[in-house]
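Inside the fold
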Amino acid sequence: MVFKIKNISCIGAGFVGGPTMSVMASKCNDLFFHVVDINDERIDAWNNEDLSRLPIFEPGLKEIIENTRNKNLLFTTNIKAAIESADIIFISVNTPTKTRGIGAGKSSDLKWVEACARQVAEFSKGHTIIVEKSTLPVRTAEVIQKILNSATSDLENAKKSFSVLSNPEFLAEGTAIRDLENPDRVLIGGEDKSAMLLLSQIYENWVPKEKILFTNIWSSELAKLTSNAFLAQRVSSINSISAICEVTGANVREVSRAIGKDSRIGSKFLDSGPGFGGSCFKKDILNLVYLAEYFGLKEVAKFWEEVVNINNWHQKRIAQIVVQKLFGTISSKKIIILGFAFKANTNDTRESAAIRICKDLIYEGAELIIHDPKVSMLQIEKDLQIKQFSSGKNENIDYLNNNIGNWQFSNNLNIFDDAHAVLVLTEWEEYKYIEWDKVAKRMVKPAWIFDARSIVNIDLVKKSGLNLWSLGDGSQQGTKDEI
Ligand code: UDX
Ligand code: ADP
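Our subject in this report is the structure included herewith. As the structure is a computational prediction, the values presented were derived from the model and not from experiment. (Residues numbered from 1 in each chain as written. Chains lettered and ligands numbered in written order. Predicted model: local features only at pLDDT ≥ 70, side-chain atom pairs only at ≥ 80, totals over all residues. Heavy atoms only, no water.)

1. Digging into the overall build of the chain
For the record, the criterion: Strands are runs of DSSP state E lasting at least two residues, helices are runs of H or I lasting at least four, and both sets are numbered from the N terminus onward. Values of the radius of gyration come from C-alpha atoms, whereas the globule rule sets the reference at 2.2 Å times the count of residues to the power 0.38. In this scheme, a residue with accessible area under 20% of its type's maximum is buried, one over 50% is exposed, and one in between is partly exposed, where area comes from a 1.4 Å probe on protein chains only. Note on definitions: a residue-residue contact is assigned when non-hydrogen atoms from the two residues lie within 4.5 Å. Here the open area of atoms and residues is found with the Shrake-Rupley method and a 1.4 Å probe, where only the protein chains shown may cover a residue. Under this rule, positive means Lys or Arg and negative means Asp or Glu; His and the chain ends count for nothing. In plain terms, the charge of a residue is placed at NZ if it is Lys, CZ if Arg, CG if Asp and CD if Glu.
When you go through the chain residue by residue, the secondary structure sums to 16 helices and 14 strands. The C-alpha radius of gyration of the chain comes to 24 Å, within 12% of the 23 Å expected for a compact globule of 483 residues. Once the C-alpha set of the chain is aligned to its principal axes, its extents read approximately 85 × 50 × 45 Å. Split into buried and exposed, the 483 residues of the chain put 52% on the buried side. When contacts within the chain are restricted to residue pairs at least 6 apart in sequence, long-range pairs at least 24 apart make up 72% of them. Carbon and sulfur atoms make up 51% of the accessible area of the chain, which amounts to about 22400 Å² in all. Averaging the positions of the 58 positive and the 60 negative side-chain charges in the chain gives two centres separated by 2 Å.

2. Notes on the sheet that holds strand 13 (residues 448-451)
Stated formally: When DSSP finds two or more bridges between a pair of strands, those strands are recorded as paired. Helix axes are fitted to C-alpha atoms over the stretch in contact, other axes to C-alpha atoms as well, and angles between N-to-C directions run from 0 to 180 degrees.
Taken in spatial order, the six strands make up an open sheet running 11-10-9-12-13-14, and their pairing is parallel. Single-partner strands in this sheet number two, and they are strand 11 (406-410) and strand 14 (467-470). The average undirected angle you get between the axes of adjacent strands in this sheet is 20°. Of the strand pairs in this sheet, strand 13 and strand 14 are connected by four bridges, and their pairing is parallel. Looking at the pairing, Ile449 lines up with Leu468 of strand 14. Sheet strands in contact with helix 13 (residues 353-363) are strand 9 (334-338), strand 10 (367-371), strand 11 and strand 12 (421-424), and its direction is about 155° off that of strand 10. Packed on one face of the sheet, helix 14 (residues 377-384) meets strand 10 and strand 11 and runs near 155° to strand 11.

3. Brief notes about the state of the cysteines
Defined as follows: Only a pair of cysteine sulfur atoms within 2.5 Å qualifies as a disulfide here.
For the structure shown, the criterion picks out zero disulfides. Cys10 provides the cysteine sulfur closest to Cys116, a residue in no disulfide bond, and the two sulfurs are 9.0 Å apart. Assessed through its relative accessible area of 3%, Cys116 is described here as buried.

So this is what it looks like as structure tokens:
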């Protein structure tokens, strides 16, 4: 009998599973998609009538959901039914770095992947193609295959069979829909050629065939880690150069533009910022480090670990500069933080540089007002592990002793009164149009703008009499003490 694909399920309705299945559903009208999650709240949010309340913010997503949801795309918590009916199951569950035990701090915790594989083994019927979508350590497919094999060895389950493929997702948050609709490449790794072709046929509904690459399963898994490691390494490289620019009088934007013109280097991913964040870069590099260490390749491990180390140093450096420019103390000084997401156009804060930097500033005693157009107060509270300041009582006294600062959230930009400094951490479009001349009148002099994303209007800031520190710009480092 010819195996035909009709029903597709995805386990995990997060930043990868949600957008990926939505775009697939919009491109494949004759296929039916179930997206399942154990988290009821998340599924409820995906099913919310009010499309501005979807669990993740991604430009273009709500329009796609509007056209597909409850037509050929269903968000549900019924994992059993979704697995039973599926011809293909995508695994898009979380794989955070292990916090304890063997490989702690480096290797990924596969407990959610393992739980998925066990559910698939239990509920699936007939032949099922399992597709690894989440970023996973190399050789995870083997783990999944072993768990599935144990199911098929059971007599009762003898009619079950599985093919495991790797099909890593390369979408970047904030541009997920564009990346999914027009990917640079689709990578399909595996051994079962017919399963690989079936998966390829799904993508061929909208992706040109020449962009679909077939590899063996380990190459596919390793290519995903390597892509992210190379991208993160570029960001760390340019960020390290920004520090040199600041002390030499060079400007990192000019350096980026100059080197980016070399076609061998290319111009993308050369924007110096507050340090890379996001759920993938650090985790994937650490997976690579773990892999190299495991195979005794100490020098290789050290090389990649340095990309993460310098990113940590760079984030710390920004908080230190703020303190130093504000006369060595920020105790009880009001500092405005613009942006908490790890990049613009997403509400995701995982590994955001803002977390480290805000914690450091609070530790130094600052009173932060944090603004972000898409991140919620509760998310920030969770990330900082410090309660928002409520008037009259500093609830953080027990958290960090002495000199502890505090923070408050604001969902509007009417926050500059009596501030000593503004620190731009996320490149949200609305921050580009702030009227610094008006802001300057409300701040405590000498007032500082610290721009870690190089997005503010430099001329306007200067004309307004504000001091400007722009990351990697050695020509902007002076103070205007006459203010
Ligand atoms: C990344 C990969 O790009 C994507 O292919 C993979 O599937 C998941 O991981 P993501 O983390 O969503 O995507 O965003 P990305 O655009 O790569 O940015 C990562 C971090 O690097 C952000 O904090 C961003 O601000 C920073 N960055 C990126 C810079 O500081 N400068 C740049 O030039 C580019
Ligand atoms: P990513 O960025 O990789 O998509 P997220 O954390 O945003 O990661 O999403 C992963 C989702 O997977 C979460 O919503 C989580 O509840 C879900 N999940 C984890 N394990 C399971 C499981 N065994 N069955 C169903 N959903 C799961």
